[in-house]
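# Residue-level structural notes
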Amino acid sequence: MLVAAAVCPCPPLLVPDVAAGAAPELDAARAACTDALGVLAAARPDRLVVVGPAEQSGRGPHAEGARGTFHGFGVDLDVRLGRNGARTAEGPAAGSEPVKGADRPLPPSLAVAAWLLGRTDWSDAPVEGLGVGEPLAAERCIQSGREIATRAERVALLVMGDASACRTLKAPGYLDDRAAGFDAAVAQALGAADVAALQALDAELAYELKASGRAPWQVLAGAGEGAGLAGALLYEDAPYGVGYVVAAWS
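Residues numbered from 1 in each chain as written. Predicted model: local features only at pLDDT ≥ 70, side-chain atom pairs only at ≥ 80, totals over all residues. Heavy atoms only, no water.

## A closer look at helix H5 (residues 179-191)
Basically, it comes down to this: Runs of H or I in DSSP of at least four residues are treated as helices and runs of E of at least two as strands, each being numbered from the N terminus. Expected span, for any helix, means 1.5 Å times one less than how many residues it has. The cut-offs for exposure are 20% and 50% of the maximum accessible area for each residue type, with area from a 1.4 Å probe on protein chains only; residues under the lower value are buried, those over the upper are exposed, and the others partly exposed. Contacts: residue pairs with any heavy atoms within 4.5 Å of one another.
The first and last C-alpha atoms of H5 sit 18 Å apart over 13 residues, in line with the 18 Å expected at 1.5 Å per residue. Three or more residues of H5 are buried, namely Ala179, Phe182, Asp183, Val186, Ala187, Ala189, Leu190 and Gly191. In the core, the buried residues of H5 are packed alongside strand S1 (2-8), helix H6 (195-199), helix H7 (203-208), helix H8 (214-223), strand S9 (231-237) and strand S10 (244-249). One or two steps after H5, the chain reaches Ala193, where phi turns positive at roughly 50°.

## Section: unusual backbone geometry
You will see that Ala20, though not glycine, has its phi angle at about 55°, which is positive. Counting through the fold element by element, Ala20 comes out in the loop between helix H1 (16-19) and helix H2 (27-42). In this structure Ala20 comes out as exposed when scored by relative accessible area, which is 52%.

## Quick word on the packing of helix H4 (residues 138-149) against H8
Pairs of packed helices are described in terms of their axes, by the angle between the two and the distance that separates them. Defined as follows: Each axis is a line fitted through C-alpha atoms, and for a helix only the stretch in contact is used; angles between axes span 0 to 180 degrees, taken between their N-to-C directions. When describing relative orientation, an angle under 35 degrees is termed roughly parallel and one over 145 degrees roughly antiparallel, while 65 to 115 degrees is termed roughly perpendicular and anything else oblique. For any helix crossing, the convention is left-handed if the near helix is rotated counterclockwise from the far helix by under a right angle, and right-handed if that rotation is clockwise.
Following both chains from N to C, one finds H4 and H8 inclined at 50°, their axes separated by 6 Å at the closest point. What the angle tells us is that H4 and H8 run oblique. Taken as a pair, H4 and H8 cross one another with a handedness that is right-handed. The residues of H8 that touch H4, namely those facing Ala138, Cys141, Ile142, Ser144, Gly145, Arg146, Ile148 and Ala149, are Arg214, Ala215, Gln218, Val219, Gly222 and Ala223.

## As for a nonpolar patch on the surface
Worth spelling out the cut-off: Exposure above 30% relative accessible area and the absence of a salt bridge qualify a residue for a patch, where like charges join within 9 Å and nonpolar side chains (Val, Leu, Ile, Met, Phe, Trp, Tyr) within 5 Å. All accessibility values rest on the Shrake-Rupley procedure with a 1.4 Å probe; residue burial counts only the protein chains present in the view. Take a side-chain nitrogen of Lys or Arg and a carboxyl oxygen of Asp or Glu: if they are within 4 Å of each other, that pair is a salt bridge.
Taken together, Leu169, Tyr174 and Leu175 make up a surface patch of nonpolar side chains, about 320 Å² in accessible area. Relative to the elements of secondary structure, Leu175 occurs in the loop between strand S8 (155-160) and H5.

## Considerations on the packing of H2 against helix H3 (residues 108-119)
Test applied: Side-chain classes are defined by residue name, with Ala, Val, Leu, Ile, Met, Phe, Trp, Tyr, Cys and Pro counting as nonpolar, Asp, Glu, Lys and Arg as charged, and the others, Gly among them, as polar.
Where H2 meets H3, the closest approach of the two axes is 10 Å, and the angle between their N-to-C directions is 70°. One element, H2, and the other, H3, form an angle in the roughly perpendicular class. Of H3, the residues touching H2 (which contributes Arg30, Cys33, Thr34 and Leu37) are Trp115, Leu116, Leu117 and Arg119. Split by residue class, the contact of H2 with H3 holds five nonpolar, one polar and two charged.

## With respect to the side chain of Ser164
Selection rule: Whenever a nitrogen or oxygen atom comes within 3.5 Å of another N or O atom, the pair is scored as a polar contact, on the condition that within protein one atom can donate a hydrogen and the other can accept it, and that pairs from neighbouring residues in sequence are kept only if both atoms are in side chains.
Checked against the element boundaries, Ser164 lands in the loop between S8 and H5. There is a polar contact of 2.8 Å between the side chain of Ser164 and the side chain of Asp183.

## Here we look at the nonpolar core
Put simply, the rule reads: Nonpolar cores are built from buried Ala, Val, Leu, Ile, Met, Phe, Trp, Tyr and Cys residues. Side-chain atoms within 4.5 Å join them into one set.
Counting residues in each nonpolar core, the largest one holds 45 residues, and the members touching the most others are Leu40, Leu48, Val50, Phe70, Leu117, Leu158 and Met160. Broken down by secondary-structure element, the contributors of at least two residues to this core are S1, H2, strand S2 (47-53), strand S5 (77-80), H3, S8 and S10. One finds Val7, Val51, Ala179 and Leu198 within the second-largest nonpolar core, a separate group that totals 42 residues.

## A short note on the packing of aromatic side chains
Put simply, the test is: Between rings of Phe, Tyr and Trp, where Trp is taken as its six-membered ring, a pair exists when centres lie within 6.5 Å; planes separated by under 30 degrees are stacked, by over 60 edge-to-face, and by other angles tilted.
All told, the structure shown has one aromatic pair when counted by the stated rule. Seen from their ring centres, Phe70 and Phe73 are 6.5 Å apart, and the 45° between their planes marks the pair as tilted. The exposure class assigned to Phe70 is buried, which follows from its relative accessible area of 1%.

## A short note on the side chain of Asp162
Selection criterion: Under this rule, positive means Lys or Arg and negative means Asp or Glu; His and the chain ends count for nothing.
Looking at the secondary structure, you find Asp162 in the loop between S8 and H5. One buried charged residue, Asp162, remains without a salt bridge, the closest side chain of opposite sign being Arg167 at 11 Å. Within the structure, Asp162 has its side chain in polar contact with the backbone nitrogen of Cys10 (distance 2.8 Å). When near neighbours in sequence (up to four residues on either side) are disregarded, Asp162 contacts Pro9, Cys10, Pro11, Ala211, Ser212, Gly213, Trp217, Val242, Gly243 and Tyr244.

Below, the structure written as structure tokens:
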């Protein structure tokens, strides 16, 4: 059963080494993510499942210990999904060992999640990852969430994903007048733990607005059915013209 969830954005710029001189611009988002992960730890889950958007090669399950990298962003930083998983290119974190079957690289969204978990010294429960693709239909996302909720007596979710990328003229998707309304509805639903509203998100509109979080949020909606969790909106902004939302359910 789902006992807690944290929703975080997934831009690599969330990692200060990647953002470099622009790192302070996302300090408030990082602080909100830390607070959201604190809610997960306080719930004392038996298992944590991390869900995030992925291209074809990163879709599907990722075992605890799976590695991700920020080398493509010019940074010598690798991460490992799971407990005490942050590490540098020089080697693994102290006490960590390679995990059998964890050799498939993490998609960027799960690499950011691994960095967040390492930053907070997550050690509370086993971790597994799931990369989901934008084309995944709402019904399949919801069903996947329902299945995740049955994997342990106390399941927590860390859900990665961005809202629209069309909030300003300089945004990755240029300006779209529909973006602000879409993002506001998403933030309201996530902040209120409104499962029905998340399940009803318009997948086509989300795709047109380049909202990478749509499928992960609908996985969360499936997992949250009947859980009776309350939500809190911890952060909402659109730096760089991309909607970022942080929320916690407990």
